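The primary structure of each chain is shown beneath.
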Amino acid sequence: MKGNCMTGCKHCIVKDIYEKRKFKDENGIVYATMNEHAGYERLCDGGHQREYEKWHERNKDNVYEIYKKDFLDCFEPTEVAASLNEMINLAEEILNARKEG
């Protein structure tokens, strides 16, 4: 099965990054501190962090369609991704058999 980081790779980890934000009154006194979402950290726990970073750099400005085309050799599907792929293949076989018959 072909894939990449965003198509269900079991090694893909996306972590939220939070930063503390201080709220001050007009006198500069901090009256509240709150965690604010500052972005995401993308990691590969399969030992392919460099490939993962290069892939994200290549595709940072692309729409969803590129995820269907830019595959990585290190891709290993999650159980869900593998099951979905099997269902898609079975559906294609059924459709092709109906067209032929």
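Everything numeric here is computed off the predicted structure, so don't read it as measured data. (Residues numbered from 1 in each chain as written. Predicted model: local features only at pLDDT ≥ 70, side-chain atom pairs only at ≥ 80, totals over all residues. Heavy atoms only, no water.)

Draft legend 1. Main features of the overall build of the protein chain. A count of helical and extended segments in the protein chain gives two helices and two strands. Ordered by position from N to C terminus, the α and β elements of the protein chain give β-β-α-α. Each principal axis of the C-alpha atoms in the protein chain carries an extent, and together these give about 80 × 30 × 25 Å. Classification of the 101 residues of the protein chain by burial places 16% in the buried group. For the protein chain, the accessible surface area stands at approximately 8,200 Å², while carbon and sulfur atoms represent 49% of it. Across the protein chain, the centroid of the 16 positively charged side chains sits 3 Å from that of the 20 negatively charged ones. (Helix = DSSP H or I, 4+ residues; strand = E, 2+ residues; numbered from the N terminus. Buried < 20%, exposed > 50% of the residue type's maximum accessible area, 1.4 Å probe, protein only. Areas by Shrake-Rupley, 256 points an atom, 1.4 Å probe, with all protein chains shown as cover. Lys, Arg positive; Asp, Glu negative; His and termini not counted. Charge placed at Lys NZ, Arg CZ, Asp CG, Glu CD.)

Draft legend 2. View of the side chain of Asn 59. The residue Asn 59 is located in helix H1 (residues 49-59) in this model. According to the relative accessible area criterion, Asn 59 is buried, its value standing at 4%. Looking at Asn 59, its side chain comes within polar contact range of the main-chain oxygen of Trp 55, at 2.8 Å. (Polar contact = N/O pair within 3.5 Å; in protein donor to acceptor, adjacent residues only side chain to side chain.)

Draft legend 3. Structural context of the pattern of salt bridges. Scanning the model with the defined rule gives four salt bridges in all. Between Glu 76 and Lys 10 there is a salt bridge; the shortest N-O distance is 3.3 Å. You can see Glu 76 sitting in the loop between H1 and helix H2 (79-100) and its partner Lys 10 sitting in the segment before strand S1 (12-24), a full 66 residues away along the chain. On the basis of relative accessibility, which here comes to 46%, the residue Lys 10 falls in the partly exposed class. (Salt bridge = Lys/Arg side-chain N within 4 Å of Asp/Glu carboxyl O.)

Draft legend 4. A look at empty space enclosed by the protein. Within this structure, the stated rule accounts for one cavity of 30 Å³ or more. Looking at the largest cavity, its volume works out to about 90 Å³. If you trace the largest cavity, you find it lined by Asn 4, Cys 5, Cys 9, His 11, Cys 12, Cys 44, His 48, Glu 51, Tyr 52, Leu 72, Cys 74 and Phe 75. Residues of the lining of the largest cavity, tallied by class, amount to eight nonpolar, three polar and one charged. (1 Å grid on protein atoms, 1.4 Å probe; cavity = no way out; pocket = protein on both sides within 12 Å on 5 of 7 lines; lining within 4 Å. Points joined across faces, edges and corners; volume = space filled by probe spheres on them. Nonpolar A, V, L, I, M, F, W, Y, C, P; charged D, E, K, R; others polar.)

Draft legend 5. A look at the environment of Gly 39. Position of Gly 39 relative to the elements: it lies in strand S2 (residues 30-44). A relative accessible area of 18% places Gly 39 in the buried class. Distance from Gly 39 to Ile 17, taken between C-alpha atoms, is 5.3 Å for residues 22 residues apart in sequence. Those residues within four positions of Gly 39 in sequence are excluded, and the remaining contacts are Lys 15, Asp 16 and Ile 17. (Contact = heavy atoms within 4.5 Å.)

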